[in-house]
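# Analysis of the macromolecular model
The residues making up each chain are set out below.
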Amino acid sequence: MERLCVILLLACKTFIVDAQFNGFNCDANFHSRFPAERDISVYCGVQTITMKINFCPVLFSGYTDTDLALNGRHGDAHCRGFINNNTFPTVVLFSISLSTLEACGNSLVVSTAQGSNAYGNLSLVQIGNIAGYIDTPDPPTVISYLPGLLYKFSCSYPLEYLVNNTQLASSAAAISVKDSNGTFVSTLNLLLYNDSTYVHHLAIPVSGLTLKTRVFAAVKATNLDRRWNVLMDYCYTTPSGNPNDELRYDLFFGCDKDPQTTVFENGKSQMGRFSFEVFRFVKHKNQKMSTVFLHCVTKLCRSDDCPLLLPICGKRKKRNVSERTAVASDNAVMTAGPIITRSAELNSPPFKMNSATSALISAIAILAVMSMCFFILSMSLLRGKYTPPTPLSGTHNPAFS
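Residues numbered from 1 in each chain as written. Predicted model: local features only at pLDDT ≥ 70, side-chain atom pairs only at ≥ 80, totals over all residues. Heavy atoms only, no water.

## Some thoughts on the overall build of the protein
The test is simple: Secondary structure counts use DSSP, requiring at least four H or I residues in a row for a helix and at least two E residues in a row for a strand, with both numbered from the N terminus. Here's how the labels work: a residue is buried when its accessible area is under 20% of the maximum for its type, exposed when over 50%, partly exposed in between, all with a 1.4 Å probe on protein chains only. With residues, only the protein chains shown are counted as cover, and all accessible areas are computed by Shrake-Rupley using a 1.4 Å probe.
Each helix and strand counted, the protein has five helices and 19 strands in total. Among the 401 residues that make up the protein, the fraction classed as buried is 38%. Here the protein displays about 24,000 Å² of accessible surface, and carbon together with sulfur accounts for 59% of that area.

As structure tokens, then:
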């Protein structure tokens with residue numbers, strides 16, 4: 001009898017749990033529990049932050065999807081999630097637009113600290129952190145037998161990137177996402193232009209650019225919220241597409257600038273613009289053309305913070321080249337170049353005659369031969385007609401002695 005009661009109790013409990021999960025992709029053997037930390041996944045994107053919450057433990061705890069909301073905003077339908085029953089297990093999705101992230105009470109905190117940039121140069125480094133939580137409402141009673149659910153999330157975005165493009169007009173790279181860390185690097189492009197209008201992309205002839213040709217470059221952000229500006233921290237060139245190449249030539253870092261480089265705009269909008277004159281690397285002296293690759297370590301800064309990050313020229317310590325270190329492994333890299341320049345050729349090209357010139361030279365040679373033959377023939381005829389005088393015969397007159 002007792003055994004029968006236990007069986008009936010277990011069957012009743014199983015029926016209740018199955019009824020509770022009815023219509024959703026849940027397994028009573030795995031999901032008959034209260035929520036745990038592993039039940040939330042956070043995806044930090046360029047334009048949106050997405051959270052997925054395992055809905056089955058929420059059901060087991062006695063709540064529905066409408067009970068979950070961002071940062072306690074249970075009365076605002078825009079701050080609630082929506083059910084996705086096409087996966088196993090069923091999940092509740094929350095999506096936060098970075099352009100309106102404060103609408104549901106999420107916070108953005110940008111921390112600034114003195115540190116080293118991607119190449120060890122002393123610089124101000126910033127990190128943007130977006131944080132919030134998802135919870136269930138408190139009951140209007142003194143006590144409750146339901147557990148209060150709370151899911152915390154955050155996304156950290158480093159705001160400094162190494163931008164270097166192997167194509168002259170690159171498209172955005174794939175978004176790099178890992179756990180609760182995000183990157184804005186997919187919004188950044190390093191582009192080359194023909195002139196200061198920044199309209200037409202640089203066209204490099206097959207023979208390469210002439211030395212001292214002025215090239216106009218821009219680091220441009222696309223599909224990025226307007227609260228961020230682009231700040232170029234350090235731009236340099238290498239003879240190869242490898243940004244870690246030991247041989248490099250600096251264009252500018254802070255107040256240190258190559259004399260042939262002009263910075264037009266930096267930290268004031270979502271585009272940083274500068275120009276420089278192309279050159280060749282001496283190591284390419286035995287080659288007809290030299291390749292130059294352009295790289296920029298770039299920061300994203302809030303428009304109000306950018307002026308604070310710009311160097312005060314004349315008061316800043318001059319950079320020590322020996323202080324550079326290798327690029328950190330967690331720096332995001334999009335690979336501008338190659339810029340191809342042609343070297344001057346000192347060897348004169350071989351002379352090639354056309355058909356008219358060749359015919360003229362042949363005619364002159366024939367006339368010269370004919371003239372020589374005519375001269376020899378004339379001399380022979382004149383020698384045949386000339387008779388030398390005969391000597392006089394007779395005896396010597398002694399009177400003349």
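There's more to say after this.
## Considerations on the sheet that holds strand β2 (residues 48-54)
The criterion, for reference: Only strands joined by at least two bridges in the DSSP assignment are considered to pair. Under this scheme, a helix contributes an axis fitted over its contacting stretch, all axes are lines through C-alpha atoms, and angles between N-to-C directions fall in the 0 to 180 degree range.
The four strands are arranged β1-β2-β5-β4 in an open sheet whose pairing can be described as antiparallel. Taken across any chain shown, the strands that pair with only one partner, and hence form the sheet edges, are β1 (40-44) and β4 (82-84). The sheet shows a mean angle of 25 degrees between the axes of neighbouring strands, taken without regard to direction. Relative to β2, β1 is paired through five bridges, and the arrangement is antiparallel.

## Concerning a nonpolar patch on the surface
Operational definition: The residues that make up patches have over 30% relative accessible area and no salt bridge, and they are joined within 9 Å when like-charged or within 5 Å when they are Val, Leu, Ile, Met, Phe, Trp or Tyr. What makes a salt bridge here is a side-chain nitrogen of Lys or Arg within 4 Å of a carboxyl oxygen of Asp or Glu, nothing more.
Side chains of Met372, Phe375, Ile376 and Met379 sit close together on the surface and give an oily, nonpolar patch of about 430 Å² of accessible area. Along the polypeptide, Ile376 turns up in helix α5 (residues 355-385).

## Remarks on the pattern of salt bridges
What the rule picks out here adds up to six salt bridges. Members of the salt-bridge network, linked through shared partners, are Lys212, Arg214 and Glu277.

## Some details on the nonpolar core
Nonpolar side chains tend toward joint burial in soluble globular proteins. Quick note on the threshold: Buried Ala, Val, Leu, Ile, Met, Phe, Trp, Tyr and Cys residues form a nonpolar core when they are joined through side-chain atoms within 4.5 Å. A contact between two residues is defined here by any heavy atoms of the two lying within 4.5 Å.
In terms of nonpolar packing, the biggest core is built from 64 residues, with Met51, Phe184 and Phe274 touching the most fellow members. Setting aside its immediate chain neighbours within four residues, Phe184 contacts Gly45, Val46, Leu98, Tyr157, Leu159, Tyr161, Leu224, Trp228 and Leu300. Counting residues in hydrophobic clusters, the runner-up holds six residues, among them Tyr193, Tyr198, Phe216 and Ala218.

## Side note on the sheet that holds strand β10 (residues 188-193)
Spatially, four strands are ordered β10-β11-β16-β15 in an open sheet, and the strand pairing comes out antiparallel. Only two strands of the sheet have a single neighbouring strand rather than two, namely β10 and β15 (262-265). Within this sheet the neighbouring strands show an average axis-to-axis angle of 20 degrees, counted without direction. Summarising the sheet, β15 and strand β16 (residues 271-277) pair through three bridges and their orientation is antiparallel. Counterpart to Glu265 in the pairing with β16 is Arg273.

## Here's the deal with empty space enclosed by the protein
Rule in force here: Using only the protein atoms, space was sampled on a 1 Å grid; points where a 1.4 Å probe fits but cannot get out form cavities, open sets with protein on both sides within 12 Å along at least five of seven lines form pockets, and lining residues are those with an atom within 4 Å of a point. Grid points are joined across faces, edges and corners, and a volume is the space filled by probe spheres set on the points. By the convention adopted, Pro, Cys, Tyr, Trp, Phe, Met, Ile, Leu, Val and Ala count as nonpolar, Lys, Arg, Asp and Glu as charged, and the other residues, Gly among them, as polar.
Taken as a whole, the largest cavity spans an internal volume of roughly 60 Å³. Lining the largest cavity are Leu98, Leu101, Leu108, Gly128, Asn129, Ile130, Tyr157, Leu159, Phe184, Arg227 and Trp228. The biggest single contributor to the lining of the largest cavity is strand β7 (residues 122-135), with three residues. Considered class by class, the residues forming the lining of the largest cavity number eight nonpolar, two polar and one charged.

## Looking at the pairing of β1
Burial of the side chains of β1 is restricted to one face: Ile40, Val42 and Cys44 are buried, whereas none of Ser41 and Tyr43 on the reverse face is. What sits between β1 and β2 in their antiparallel hairpin is a turn of three residues.

## As for the packing of aromatic side chains
The condition is simple: Centre distance within 6.5 Å is the pairing criterion for rings of Phe, Tyr and Trp, where only the six-membered ring of Trp is used; planes under 30 degrees apart are then read as stacked, over 60 as edge-to-face, and the remainder as tilted. Charge-over-ring placement is defined geometrically: NZ (Lys) or CZ (Arg) within 6 Å of the ring centre, and within 35 degrees of the ring normal.
In total, this model carries eleven aromatic pairs according to the counting rule given. Ring geometry for Phe216 and Phe264: centres 6.2 Å apart, planes at 15 degrees, overall stacked. Of this pair, Phe216 sits in strand β11 (residues 214-221) while Phe264 sits in strand β15, and the two are 48 residues apart along the sequence. Judged by its relative accessible area of 11%, Phe216 falls in the buried class. A connected cluster of aromatic rings, assembled from ring pairs, spans Tyr193, Tyr198, Phe216 and Phe264. Here the guanidinium or amino end of Arg248 rests over the ring plane of Tyr236, the centre of that ring lying 5.0 Å away.

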